[in-house]
Amino acid sequence: QVQLVESGGGLVQPGGSLRLSCSVFGFRRGDYSIGWFRQAPGKDLEGVGCISSSDGSTQYYTDSVKGRFTISRDNAKNTVYLQMNSLKPEDIAVYRCAASRSAYCSGPVPVEFDYWGQGTQVSVSS
């Protein structure tokens with residue numbers, strides 16, 4: 001049974017950093033792509049970025065986070081990370097990771113992902 005568990009959310013001041021983790025259970029190590037999504041209060045689910053399987057050399061980020069967020073993966077630990085720097089109030093949301101059986105990710109499109117975590121809250125406030 002595939003299961004994804006996010007961790008690392010919390011409250012940070014504007015300009016601060018957080019690193020979210022997505023632990024993946026039930027998949028063969030590295031044999032999946034991962035997307036990160038977020039949903040702010042009253043807004044639709046938004047794709048943040050994604051990383052392809054294996055060495056994770058292919059990544060995609062939505063424009064609003066380019067240059068601030070970085071996705072990486074440690075296949076030995078079956079864990080994918082979302083490093084978030086220079087956080088802004090508009091980054092406030094519940095962040096969720098999702099896994100796709102497809103090895104290649106061309107963009108964080110929700111319907112292309114098969115398994116989802118429950119999410120972790122990220123808050124940005126002074």
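Look up a bit, the structure's there.
Residues numbered from 1 in each chain as written. Predicted model: local features only at pLDDT ≥ 70, side-chain atom pairs only at ≥ 80, totals over all residues. Heavy atoms only, no water.

Draft legend 1. Structural view of the overall build of the chain. From N to C terminus, the chain includes 0 helices and 11 strands. Order of helices (α) and strands (β) in the chain, N terminus to C terminus: β-β-β-β-β-β-β-β-β-β-β. The C-alpha radius of gyration computed for the chain amounts to 13 Å, which stays within 12% of the reference 14 Å derived for 126 residues, consistent with globular compactness. On the principal axes, the C-alpha backbone points of the chain span a range of 40 × 25 × 25 Å. When burial is assessed residue by residue, the chain has 44% of its 126 residues classed as buried. A separation threshold of at least 6 residues defines the contact pool for the chain, and within that pool the share at least 24 residues apart is 58%. Carbon and sulfur atoms make up 45% of the accessible area of the chain, which totals about 6400 Å². (Helix = DSSP H or I, 4+ residues; strand = E, 2+ residues; numbered from the N terminus. Rg over C-alpha atoms; globule rule 2.2 N^0.38 Å. Buried < 20%, exposed > 50% of the residue type's maximum accessible area, 1.4 Å probe, protein only. Contact = heavy atoms within 4.5 Å. Areas by Shrake-Rupley, 256 points an atom, 1.4 Å probe, with all protein chains shown as cover.)

Draft legend 2. Representation of the pairing of strand β4 (residues 33-39). Most of β4 sits inside the fold, with 6 of its 7 residues counted as buried. Both β4 and strand β9 (residues 93-100) contribute to a ladder of 7 bridges, which runs antiparallel. Bridge pairing links R38 to Y95 in β9. The sheet contact formed by β4 and strand β5 (residues 46-51) spans 5 bridges and is antiparallel. Looking across to β5, one finds that W36 is bridged to G49. The hairpin formed by β4 and β5 contains 6 residues between the paired strands, and G42 there has a positive phi angle of roughly 75°. (Pairing = 2+ DSSP bridges.)

Draft legend 3. Just the packing of aromatic side chains, in detail. For the structure on display, the rule yields 4 aromatic pairs. Aromatic side chains F27 and Y115 sit 5.7 Å apart centroid to centroid with 85° between the ring planes, which places their arrangement in the edge-to-face category. Here the residue F27 occupies a position in the loop between β3 (18-25) and β4, and Y115 occupies one in strand β10 (residues 115-116), the gap between them amounting to 88 residues. Under the relative-accessibility criterion, F27 is labelled buried at 14%. Classification of Y115 as partly exposed rests on a relative accessible area of 26%. Residues F37 and W116 carry aromatic rings whose centres are separated by 4.7 Å and whose planes lie at 45° to one another, so their mutual orientation is tilted. Placement of the pair is F37 in strand β4 and W116 in strand β10, with a sequence separation of 79 residues. An aromatic cluster is present here, built from F27, Y32 and Y115 joined pairwise through their rings. The ring of Y81 is capped by R19, whose NZ or CZ atom sits 4.2 Å from the centre of that ring. (Phe/Tyr/Trp six-rings, centres within 6.5 Å; stacked < 30°, edge-to-face > 60°. Lys NZ or Arg CZ within 6 Å of the ring centre and 35° of its normal.)

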